[in-house]
Amino acid sequence: MKPRSTIKDVATRAGVSIATVSLVLKGQTERYSEKTAVRVQEAISRLKYRPNQTARNLQRRLSRTLGFVTHKDYELLTRSQWYSGVLDGVLSLAVERDYDIKLSPIASDNSAPERKLEDGSTDGIILAAPEENGALLKWAREENMPCVVVGRVDLNDKVPAVGIDDFEAELAAARALIAQGHRRIAFLGSAWIQWSARQRELAYDKAMSEAGLAAPRELRFLGRYHEQSGEEAAREMLKLSPRPTAFLCASDEIAIGALRVLQQAGVRVPQDIAIMGFDDELKVQLSRPQLSSVRQPTSELGRTAAALLLDIIEGRGLKERKIILPTTVIFRESTARPDHSDAAVGSM
């Protein structure tokens with residue numbers, strides 16, 4: 001029986017060090033050239049080299065546990081359908097691949113998250129919608145351990161990431177409202193703590209600008225992705241004269257809160273003020289009227305992020321470091337309908 005090829009055999013054939021072969025197997029592309037990677041892959045193919053996963057697990061002391069990290073102060077795992085949907089996708093793949101999940105809420109003011117994240121209890125981390133310029137994102141950039149960000153895709157950032165194109169998705173929603181004849185559109189968003197909040201407000205600005213419409217400060221409210229923020233925003237908008245004819249909301253939570261206040265004030269939706277949400281959570285389909293929204297595939301985001309992380313952990317090369325999933329604008333009763341319902345708009 002022919003002896004099994006070793007990593008040393010691969011290194012010798014490719015003319016590189018064992019360490020370089022290991023880096024190629026881990027997909028750490030910043031540490032070697034594409035030409036080197038090709039030589040190593042060709043050597044692996046010719047020698048039919050297969051890493052001994054059991055030995056690698058023992059050497060690296062794999063726990064077969066993935067960390068799912070959120071901001072502790074948001075307390076969103078049980079309140080937000082976006083977080084719970086993403087976690088559902090992560091769990092679905094983890095169960096299939098025999099991995100456990102460790103939930104790790106970390107406070108935003110934690111300046112040294114590595115003390116909790118690098119305790120050896122997890123093999124890699126899925127970082128859910130990290131705060132912009134916060135300690136968690138800074139830690140991820142240092143790549144102290146395998147990490148994938150979900151809910152934020154910055155093409156200029158080296159951290160592997162899975163998400164949607166928040167800018168294009170919100171731009172499609174704003175353009176849809178403008179196409180329905182709205183000229184005084186209010187933006188009900190969130191402060192720029194997260195990537196998505198910034199991108200969605202910038203999309204509103206672009207849509208209004210390209211249509212030659214005014215978007216003064218009075219027509220925007222930046223709070224949080226909470227129903228309470230939607231309620232507060234709607235109360236402020238109802239004080240304006242003239243009032244907005246449409247609310248472009250950066251989340252369904254905001255849209256639900258705004259709808260509640262409008263109904264309490266006797267404002268008809270969509271006849272007096274139309275509402276467009278974002279996320280397409282189940283609750284918008286249960287509201288009366290049903291809310292139009294931008295649908296994003298939350299469960300698929302989580303599953304894709306988990307698959308990307310396992311590729312890193314298990315030593316497979318990454319074909320893509322940034323993955324953007326499509327979105328769809330869903331038209332329901334809270335806005336006028338276009339010529340076709342449930343229209344796909346702004347898909348990537």
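Scroll up a little and you will see the structure.
Keep in mind it's a predicted model, so treat the numbers as computed, not measured.

Caption draft 1: Focus on the pairing of strand 8 (residues 246–249). Residues A246 and L248 point to one face of strand 8 and F247 and C249 to the other, with burial holding for every one of them. Pairing between strand 6 (residues 185–190) and strand 8: 4 bridges, direction parallel. Residue pairing in the sheet places L188 in a bridge with C249 of strand 8. Of the strand pairs in this sheet, strand 8 and strand 9 (residues 274–276) are connected by 3 bridges, and their pairing is parallel. Along strand 9, the bridge assignment pairs L248 with M276. Taking the sense of rotation as the criterion, the β-α-β connection linking strand 8, helix 11 (residues 252–264) and strand 9 turns out right-handed.

Caption draft 2: Region of interest: the pattern of salt bridges. If you walk through the whole model with that rule in mind, you get 21 salt bridges. D157 is the salt-bridge partner of R152, the closest N and O atoms lying 3.3 Å from each other. Within this structure, E132, R141, R152, D154 and D157 form a network of salt bridges that share partners.

Caption draft 3: View of the sheet that holds strand 7 (residues 220–223). Spatial strand order, 7-6-8-9: 4 strands in an open sheet with parallel pairing. Looking at which strands have only one partner, the edges of the open sheet turn out to be strand 7 and strand 9. The mean inter-strand angle of the sheet, taken between neighbouring strand axes irrespective of direction, is 15°. Strand contacts of helix 9 (residues 195–210): strand 6, strand 7 and strand 8, with the helix running at about 165° to strand 6, the strand carrying the most contacts. With respect to the sheet, helix 11 is in contact with strand 6, strand 8 and strand 9, its orientation differing from that of strand 8 by roughly 155°.

Caption draft 4: Focus on the packing of aromatic side chains. Taken as a whole, this structure holds 2 aromatic pairs when the rule is applied. Ring geometry for W82 versus Y83: centroids 4.9 Å apart, planes at 80°, classification edge-to-face. When the ring of F187 is compared with that of Y204, the centres are 5.2 Å apart and the planes differ by 25°; the resulting orientation is stacked. Placement of F187 in strand 6 and of Y204 in helix 9 is noted, with a sequence separation of 17 residues between them.

Caption draft 5: Fine view of the sheet that holds strand 4 (residues 147–150). An order of 2-1-3-4-5-11 is seen for the 6 strands of this open sheet, with the pairing classed as parallel. A single partner strand is all that each edge strand has here, and the edge strands are strand 2 (100–106) and strand 11 (322–324). Averaged over all adjacent pairs, the angle separating strand axes in this sheet is 20°, with direction ignored. Bridging between strand 1 (residues 65–71) and strand 2 involves 7 bridges; their strand directions are parallel. Across the sheet, G67 pairs through a bridge with K102, a residue of strand 2. Those strands touched by helix 7 (residues 135–142) are strand 1, strand 2, strand 3 (124–128) and strand 4, and its axis lies near 140° from that of strand 3.

Caption draft 6: Fine view of the environment of I164. On the secondary structure map, I164 appears in the loop between strand 5 (161–163) and helix 8 (166–179). The buried category is assigned to I164, whose relative accessible area is 5%. For the pair I164 and V153, spaced 11 residues apart in the sequence, the C-alpha separation amounts to 7.2 Å. Contact partners of I164, with chain neighbours within four places excluded, come to R200, F278, Q296, P297, L301, I324, L325 and T327.

Caption draft 7: Representation of the nonpolar core. Membership of the largest hydrophobic core comes to 80 residues, with the highest contact counts inside it found for L188, F247, L248 and I275. Sort the elements by how many residues they give to this core and helix 8 lands first, with 9 residues. Contact partners of L248, with chain neighbours within four places excluded, come to E170, A173, A174, L177, I185, A186, F187, L188, Y204 and M276. Counting residues in each nonpolar core, the second largest holds 15 residues, with I106, L127, V159 and A161 among its members.

Caption draft 8: A look at the environment of I312. Relative to the assigned elements, I312 resides in helix 13 (residues 298–313). Non-local contacts of I312, meaning those with residues more than four positions away in its chain, are made with K26, P146, C147, V148, P160 and L318.

Caption draft 9: Local environment of the packing of helix 1 (residues 7–14) against helix 3 (residues 34–47). Taken N-terminus to C-terminus, the directions of helix 1 and helix 3 make an angle of 125°; their axes are 9 Å apart at the nearest point. As summarised for this structure, helix 1 and helix 3 are arranged oblique, according to the angle between their axes. Relative to helix 3, helix 1 is oriented so that their crossing is right-handed. Note on element contacts: helix 3 touches helix 1 through R39, V40, A43, I44, R46 and L47, opposite D9, V10, R13 and A14. For the contact of helix 1 with helix 3, a count of residues per class yields 6 nonpolar, no polar and 4 charged.

About the cut-offs
Residues numbered from 1 in each chain as written. Predicted model: local features only at pLDDT ≥ 70, side-chain atom pairs only at ≥ 80, totals over all residues. Heavy atoms only, no water. Buried < 20%, exposed > 50% of the residue type's maximum accessible area, 1.4 Å probe, protein only. Helix = DSSP H or I, 4+ residues; strand = E, 2+ residues; numbered from the N terminus. Pairing = 2+ DSSP bridges. Right-handed = clockwise from strand over helix to strand, strands pointing away. Salt bridge = Lys/Arg side-chain N within 4 Å of Asp/Glu carboxyl O. Axes fitted to C-alpha atoms, helices over the stretch in contact; angles between N-to-C directions. Contact = heavy atoms within 4.5 Å. Phe/Tyr/Trp six-rings, centres within 6.5 Å; stacked < 30°, edge-to-face > 60°. Core = buried A, V, L, I, M, F, W, Y, C linked by side-chain atoms within 4.5 Å. Parallel < 35°, antiparallel > 145°, perpendicular 65-115°, else oblique. Left-handed = near helix turned anticlockwise from the far one by under 90°. Nonpolar A, V, L, I, M, F, W, Y, C, P; charged D, E, K, R; others polar.

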